[in-house]
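The lines below spell out each chain.
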Amino acid sequence: MMASKRPKSTGDKKNDSADSAGSSTELGLPDDIFPLVLTSGTQELFECRVDKDVTRESPYKILRKEEILKDMKTRAAVSDFHPIKQTVLNYPGEELLLMFDRDFTCGQNFYLVLTEESKKRILEPPVSAREDTAEGTSLDSPPCKTPECQPWVSLGSEREIEEESVRDSRPRLKYRISRVRRKFGAPVTFTDCNAQESKDKYTECTSYDDRKFSIERMEITTGVQAVPTLRSISTQTRWTYPRNMCSQYEFREFTEEEKENIANSENFRNFVNSVVSRFEVAAQQNMIFDVFFNDWQALHEEDGIFGGKVETHLKEYQSFTDLHFTKEKTISDINWHPTINGLIAVSVMEKLSSEGKINGSAKLLQNPPLIFFWSFSDPINPQLLLECPDDVLSFQFCPSNPNIIVGGCMNGQVVLWDVSAHADRLQGTRSAAGKATSANECALPAFQDKRELNTPVVRYCAVSGVENGHKARITDVQWLPENFEISKAGIPVENKAHICVQVITCAPDCCVMFWDIRLPRVTTHSLTERKPKVTETPHLNRSDVPNTFKHLDLSWKPFIKVALPKKGTGAEYSPLKFSLRDNINDNQTGGSTETSEQNLEKSEGGTEYALLRASSAKQLKPLEDISTRFYIGTQDGEVVYTDWKMEKDNDSGRLLSTKPSHCFLVHDGFINSVRRSPFFKDIILTVGGWTFAIWKEGVMNGPIIHSSCSPKKCTVGYWSPSRPGLFFIGKEDGNVEVWDLLEKTHEASQTQNLSTTQITCIKPWIVPPKQHFLAVSDHSGTLHILEVPWSLRSPSYNEKSNMAKYFEKEVDRLIFLNKRKEMRAKEKKDKEAEEQKKKMEPKMPEKLEEQIEEENLVHYKTYLAMEKVILKNMGLLSDEEPALN
Amino acid sequence: MNWSFETLKRIQTQKGVQGIIIVTAEGIPIRSTLDNASTVQYAGLIQQLVMKARVTVREMDPQNDLTFLRIRSKKNEIMIAPDKDYFLIVIQNPTD
C-alpha cells in the first residue's frame, strides 16, 4: 500500500474528505477498504481490542452490520463508523470484515473491507498485507494478447484542453468605414511634413522606464559545458620595438680647473707617493730581465730546417751562353733588372790583350759589342740586345726609370740607352717567350743569319763627347740616387724631380767625373758651347733611335771632375772602383720594387729628359746628412778615402777638388771591388790581389779585417743582401767562396767551383718572397744563375747585432793594436834614447865614481849612527858596546 | 703640481716608457703624456679591466686587494697601479 499522496488538483472535484485520515481516494489504496480509527471504547464494544482479540496473526474480525448500525445510532456523530455510514448501509452482506492494521499501512490501525469479494479474498486465501500490485497483477495476466481497442475513457484531460483552447468570448464586432464618393479620384497633393513640427500629427508611445514593472526572468534555457577553470590575467610587459635612434657621446673629461684642483689635493699626493715606488720597481724589472723571453723558440730559429739534407751549396738554377756572340768573349758586368723579375743584363767584351785589341779593332765595326738581356724563360735566345760603341766595362740601370741604362766604355765614353720602346716586350718575358717581333728590329749588315726569334737590337741614344770624357777606360759607373743631387760645387742638394739625373764615373785616368743627364742651365757661356756638332755620323739620323737624350748626344760633359792627387808626390791615384756612402742603389735587391714602381709610374707619365734643366744650386736646399766622402779603389791596390766637394782655391779662384784624406796600401794587386754592406752603411769590402779587406768608415787606422793571402787571386767580391755577415768572393780559378764572418774568419766557410775560368762578376738578387739568386759570370762568357740555399740566405738569430758587435770588437782590436804599436814605437824610441844616453855616459864616470864613493861613505856613517840610536832606544845596546865598524 | 710632475717625470725617464696616464676611479683622465684620443681610450678601457680584476681578487679573499696589474702584449707592456681613488697607467716598451 502506498502512503504517497497525490497532489490535490484545484479542480472542482467535490471530495469532501477534509479529514486527512479518512481519504478514500488515496492512491494505491483499493476502493474496498477504508481505514478506520477505533477508539478503545469501540474496541471493547466490538471485541476487537488490540492485542487481545485482534493480533497480528489474526487480524480479522467479523463485524455484524447491525451492530455497526446500532452503534452509529446510539453514538451518532461520535461513532467511529460515522464516516462510512453510507457505505455500511449500502453493504450487501451481513458481516463486515474489520482488519487490524498494526503497521498503519493505511493510515489507521483498522480498516474496514467494504466489499464482499475482497472480504472473501482476504479471508479465504491468505493474502499478504501488502497488496500494492493490484494493478500490476492485472497487467501481466494475459500474455501476448493484442490489445483491443477500448472505448475512450475520459480521465479528466478534456478540462485542460478546454482551458487552453481559444474561443471567442463574445461575438465579433464589425465596422464599416466609407468615404464620400465625391472625394474619390480627386487630385491629391502631397506635401512634406516634418513630423517633429506638429505634435498632433502623430502620436508616439515612448519607452519609459517603468519602475513598477520588472520582469524577472525565472526560467532560462542555457547550454552548459564543462570547461576547466580559466583565468584571465593581464600583465604589463616591456614592449621593445625597433626605433631609429642615434646618440652622440663624448668622453667625460675634466676641465683644466678641475684637473688642477684634483692634482693639488692631498689625496692625489698620497696616491702618487704610494704608487711611484711600485712603478719604479716594475719598470726596472722590465729592463733588467725580460721574463717573457721564450728561449726555446729562439733556439729553434738558429737551427733552421730539420730533417733531410741541409742544403748549403749553391744550386745551379740556369746558365746562359750565347754561342754566336760570346765566343771568345768575357762578361764584364752583370746587372739584374730592377723591376722585372727574371731579367738580367750582361755586358760582354773582348778578352783580348791590348795587342790583340789593336789588331782586332777592325772587327769592331762589324761585330759591335753588345749588352745581352737574358730572361729565365728563354735560355737560348736573349730578349734584347743593346748596341754599344765600344766594349762596355760597367753599366747600370737607372733606378728611377729602368728603361734608361748608362754604361761606360773602353774608350772613355759614357753611353746612354733608352729601351722604353721594348719595355712591353721585356715585361712579357716572364711568361712564355715572347714571339712578337718588335717593330724596331734592325738588321745590321754583320748579322746575316736569320733566327726564328729576331731579337731586337737597340742602339744607344747618346754618348758623351770623346774629348770631354775620360781618357781611359771607364771602369765604374753609378747612378746617383733620386733623393739628392750634386751641385756644381759638389754640395749635395735636394733633388726636386725625384728621378735619378746624375751619374758618377771613374776611370784610371785619375779622375772621377760627375755627369748630369739634364741640360745645364742656360747661361751666357753655354750658348756657344751648346752648338750641336755638325759632323753628324750617319747613325744619328736613324729613326729607330729614341730621341730621349738627343740633347746630350756627343756634347755631354761632366760638370764636376774630381782629381785625385797623391799626397806628397805629384802623382795621382787611378781609381778603378768607388763606393759612396749614401748611394742607396748600390745594393739594390728585388725587394725594393715599391719605390721603383712608383718611380716607374712617374716616368711613364713622361719625363722628358730633354726638357729637364739642371737647377741652380741656390734654389735647392742643401742636404746635411749626405756624406760627400767616398772610398776609391785604385789600380795600384790602394784604398783612398776622399771628398768630392770642390774647394775654392784661394790663389786662382777656381774650384778645385780636395786632397784625399787617407790612403791605404793594402792589397797587392789592383782593386776590383769596393762594396758597401747593405746592412751597415760604414762597412766596406774591398777585394784586390790575393786578399780582401773590410773597412769601417771613420776608422782611419787601417782595415778592421784583412784576410790572409789566398793561393789564388780574388777577382770579385759582393755582400749577401740578406745576411749581414756573409759575402761572396770570386776567384781566379773559377771558385766562388762563401765567407761567413760569424763562422770562420780565417778561411771561407764554403767553396764551390763553377767554371774553369776566372769569375768576373758576382751579383746576388732577391726575388720576393723567398728566392735568392746569385748571378755569376766567368771569363768564358757564361752566365750562371745559382740559387742560394736557405742556410746562406736566412740570417741567423740576431745576426745583425752580432755582426755589429764583431765589427766593433775588430775596431777596438785595431785601435788597441795601433796603441800598442805606438807604445812600442815609443818604447823603442825611449830605449834608443836611453842607449844614446848611456853611450854618452862613459865620459863622466871617473869623476862621478869618487864622488859616489864618498857619498856612500857618508851614507854609511849616518846609517851606523841611526842604528846605534835605535838599538839604544830599544834597550838592546848598552852604552859600553863599541860601535860596529 | 710641480712636485707631482717631478715624480711622474722620474718614471717617464725610465727606459722604454711610452706614456703615463693618471685617471680617477671612474675613468676620467687627469694627467697624461699621450695625446687626447689615446688617453681617453686607454682610460675608458682600462678602468673596466681594473674593476674586473679587483672584484676577482676580492671575491677569492675579501681581505685581499689588487696592488698591481701588468698586461704584456706583443708590442708593449701596460702597467697599472690602482688605488682607492685613482690609478696610474704606464705604457712601456720592454727590453728590445
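Rules used throughout
Residues numbered from 1 in each chain as written. Chains lettered and ligands numbered in written order. Predicted model: local features only at pLDDT ≥ 70, side-chain atom pairs only at ≥ 80, totals over all residues. Heavy atoms only, no water. UniProt positions renumbered as here; feature names shortened; annotations may be inferred. Patch = residues over 30% accessible without salt bridge, like charges linked within 9 Å, V, L, I, M, F, W, Y side chains within 5 Å. Areas by Shrake-Rupley, 256 points an atom, 1.4 Å probe, with all protein chains shown as cover. Salt bridge = Lys/Arg side-chain N within 4 Å of Asp/Glu carboxyl O. Lys, Arg positive; Asp, Glu negative; His and termini not counted. Charge placed at Lys NZ, Arg CZ, Asp CG, Glu CD. Helix = DSSP H or I, 4+ residues; strand = E, 2+ residues; numbered from the N terminus. Buried < 20%, exposed > 50% of the residue type's maximum accessible area, 1.4 Å probe, protein only. Contact = heavy atoms within 4.5 Å. Buried area = accessible area lost by both parts, 1.4 Å probe. Polar contact = N/O pair within 3.5 Å; in protein donor to acceptor, adjacent residues only side chain to side chain. Pairing = 2+ DSSP bridges. Axes fitted to C-alpha atoms, helices over the stretch in contact; angles between N-to-C directions. pLDDT = per-residue confidence, 0-100.

Per an unreviewed UniProt entry, chain B goes by the name Dynein light chain roadblock and belongs to Paramormyrops kingsleyae. Recorded in UniProt under Sequence similarities (unreviewed entry), the annotation for chain B is "Belongs to the GAMAD family." Taken from UniProt, the Subcellular location (unreviewed entry) comment for chain B reads in full: "Cytoplasm, Cytoskeleton".

In the nomenclature of an unreviewed UniProt entry, chain A corresponds to Dynein axonemal intermediate chain 3 from the organism Paramormyrops kingsleyae. Taken verbatim from the UniProt record of chain A, the Subcellular location (unreviewed entry) comment is "Cytoplasm".

Student: Got a sec to walk through a negative patch on the surface? Specific residues and values, please.
Tutor: All names here are of chain A. Taken together, the side chains of E158, E160, E162, E163 and E164 make up a negatively charged region of the molecular surface. Inspection of the secondary structure assignment puts E162 in helix α6 (residues 158-164). Look at E162 and you get exposed, because its relative accessible area is 52%.

Student: Please provide a residue-by-residue account of the interface of chain A and chain B, values included.
Tutor: Interfaces are frequently sized by the accessible area removed from exposure as the parts join. Each partner contributes residues to the interface: chain A has 30 residues there, and chain B has 36 residues. When chain A packs against chain B, the two sides together hide about 3300 Å² of surface, and 62% of this comes from carbon and sulfur. Three residues, F271, F279 and M287 of chain A, lead the burial of chain A against chain B; their summed loss comes to 21% of the area buried on that side. With a closest N to O distance of 3.6 Å, E260 of chain A and R31 of chain B form a salt bridge. At the surface where chain A touches chain B, the tally comes to 5 residue pairs in polar contact (both at pLDDT 80 or more). The greatest single-element share of the side of chain A that touches chain B, amounting to 18 residues, is contributed by helix α8 (residues 266-288) of chain A.

Student: Which residues make up the sheet that holds strand β23 (residues 638-643) of chain A, and what values do they have?
Tutor: Residues and elements named next belong to chain A. Spatially, the 4 strands line up as an open sheet ordered β21-β22-β23-β26, and their pairing is antiparallel. What marks the edges here is a single partner per strand, and that holds for β21 (575-580) and β26 (662-665). When strand polarity is set aside, the average angle formed by the axes of neighbouring strands in this sheet is 20°. Two elements, β21 and strand β22 (residues 629-634), share 5 bridges in a ladder whose sense is antiparallel. Paired with P575 across the bridge in β22 is T634.

Student: Go over the confidence of the model for chain B, please, and point to the residues and values.
Tutor: Residue and element names in this part refer to chain B. Averaged over every residue, the pLDDT of chain B is 87; the share at 70 or more is 96%. Here helix α1 (residues 2-12) is the element of chain B with the lowest mean pLDDT, 78, and helix α2 (residues 36-60) is the one with the highest, 91. Listed scores for the predicted complex are pTM 0.53 and ipTM 0.73.

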